[in-house]
Amino acid sequence: MSLKTLQVQLGLNLHLLKMNLDGISQEQSLVLPEPAGNSLNWVVGHLATTRLVGMLPLLGLESDEAPESWASYRRGTGPLPDRTQTRTLEELLDVFERTQQPITEALGEITAERLKEPAMFGGEEKSVQWVLTTTCFHESYHIGQTGLQRRLLGFAGALA
């Protein structure tokens, strides 16, 4: 997958996420889908966390967010049993949106040599390109879930 394709995919992800969250309240974002699954709030927080603690550092970018403050949104932690650990849906979307430009710009500047360098992913050594491609897929997968969650909450689908 080309870097330009990743940039376009990340732009589409942001656009669709905003569409899927349109009109959804904080309370609605905390509803757990039946019979199982994570809340919309957790999924969006997980996406923001993946960008903050995964993509930004991989691209040599820094965040003003402390990674440990996002621990409740990491893989294997959902659903959020303690609502004091949740962030507002507005804040989660804002963090996701704020990472868009720096990530897109960094992808435009990354070298072919850097893409071949090793990077850790799930305890295994992969290439930077592999991690970026997989992370973009991961993001798209979860954004698809937000579309389903929107419908489970009684909203019309964001895409016709």
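Residues numbered from 1 in each chain as written. Predicted model: local features only at pLDDT ≥ 70, side-chain atom pairs only at ≥ 80, totals over all residues. Heavy atoms only, no water.

Where do I start with the overall build of the chain in this structure?
When its secondary structure is counted, the chain shows six helices and two strands. Listed by position from the N terminus, the elements making up the chain come as α-α-α-α-α-β-β-α. Sorting the 160 residues of the chain into buried and exposed places 40% on the buried side. Element-wise, carbon and sulfur atoms account for 55% of the exposed surface of the chain, whose accessible area totals about 8,700 Å². (Helix = DSSP H or I, 4+ residues; strand = E, 2+ residues; numbered from the N terminus. Buried < 20%, exposed > 50% of the residue type's maximum accessible area, 1.4 Å probe, protein only. Areas by Shrake-Rupley, 256 points an atom, 1.4 Å probe, with all protein chains shown as cover.)

Sorry if this is basic, but what is going on with the layout of surface pockets here?
Empty space among the atoms becomes apparent when a probe as large as a water molecule is rolled across them. The volume enclosed by the largest pocket comes to roughly 540 Å³. What lines the largest pocket is a set of 17 residues, and nearest its centre among them are H46, T50, R75, F121 and H138. Looking at the lining of the largest pocket, the elements that each hand over two or more residues are α3 (40-58), β1 (118-121) and α6 (128-152). The biggest single contributor to the lining of the largest pocket is α3, with seven residues. Class assignment for the residues of the lining of the largest pocket results in seven nonpolar, eight polar and two charged. (1 Å grid on protein atoms, 1.4 Å probe; cavity = no way out; pocket = protein on both sides within 12 Å on 5 of 7 lines; lining within 4 Å. Points joined across faces, edges and corners; volume = space filled by probe spheres on them. Nonpolar A, V, L, I, M, F, W, Y, C, P; charged D, E, K, R; others polar.)

Before we go on, may I ask you to explain the packing of aromatic side chains in this structure?
Given two aromatic rings, one states the distance between the centres and the angle between the planes to describe the pair. All chains considered together, the criterion is met by three aromatic pairs. Centroid distance F121 to W130: 5.1 Å. Interplanar angle 75°. Geometry classified as edge-to-face. For F121, a relative accessible area of 32% corresponds to the partly exposed category. Residue classification places W130 among the partly exposed positions, given a relative accessible area of 35%. (Phe/Tyr/Trp six-rings, centres within 6.5 Å; stacked < 30°, edge-to-face > 60°.)

Help me out: how do you make sense of the packing of α3 against helix α4 (residues 89-109) in this one?
Working note: a packed helix pair is described by the angle between its axes plus the distance between those axes. Where α3 contacts α4, the two axes come as close as 9 Å, and the packing angle between them is 30°. Here α4 runs roughly parallel to α3, going by the angle between their axes. As α3 packs across α4, the resulting crossing turns out to be left-handed. Contact residues: N41, V44, G45, L47, A48, R51, L52, M55 and L56 in α3; L89, L92, L93, V95, F96, T99, Q100 and I103 in α4. Taken together, the residues of the contact of α3 with α4 break down into 12 nonpolar, four polar and one charged. (Axes fitted to C-alpha atoms, helices over the stretch in contact; angles between N-to-C directions. Parallel < 35°, antiparallel > 145°, perpendicular 65-115°, else oblique. Left-handed = near helix turned anticlockwise from the far one by under 90°. Contact = heavy atoms within 4.5 Å.)

Sorry, what's going on with unusual backbone geometry here?
Trans peptide bonds make up most of the peptide bonds, and negative phi angles are found at most residues other than glycine. A cis geometry characterises the amide bond from E34 onward to P35, with omega recorded as 10°. Of note, P35 is situated in the loop between α2 (26-29) and α3.

Mind showing me how you'd approach the pattern of salt bridges here?
Pairing between side chains of opposite charge can happen when the charged atoms of each approach one another. The full count for this structure, using the stated rule, is nine salt bridges. As a salt-bridge pair, E65 and R87 come within 3.9 Å of each other at their nearest N and O atoms. Taken together, the positions of E65 in the loop between α3 and α4 and R87 in the loop between α3 and α4 put the pair 22 residues apart, joining distant regions of the chain. Relative accessible area serves as the criterion here: at 14%, R87 is assigned to the buried category. A salt bridge links R87 to E91; the shortest N-O distance between them is 2.7 Å. Three or more residues joined by partner-sharing salt bridges are found here, namely D64, E65, R87, E91, D94 and R98. (Salt bridge = Lys/Arg side-chain N within 4 Å of Asp/Glu carboxyl O.)

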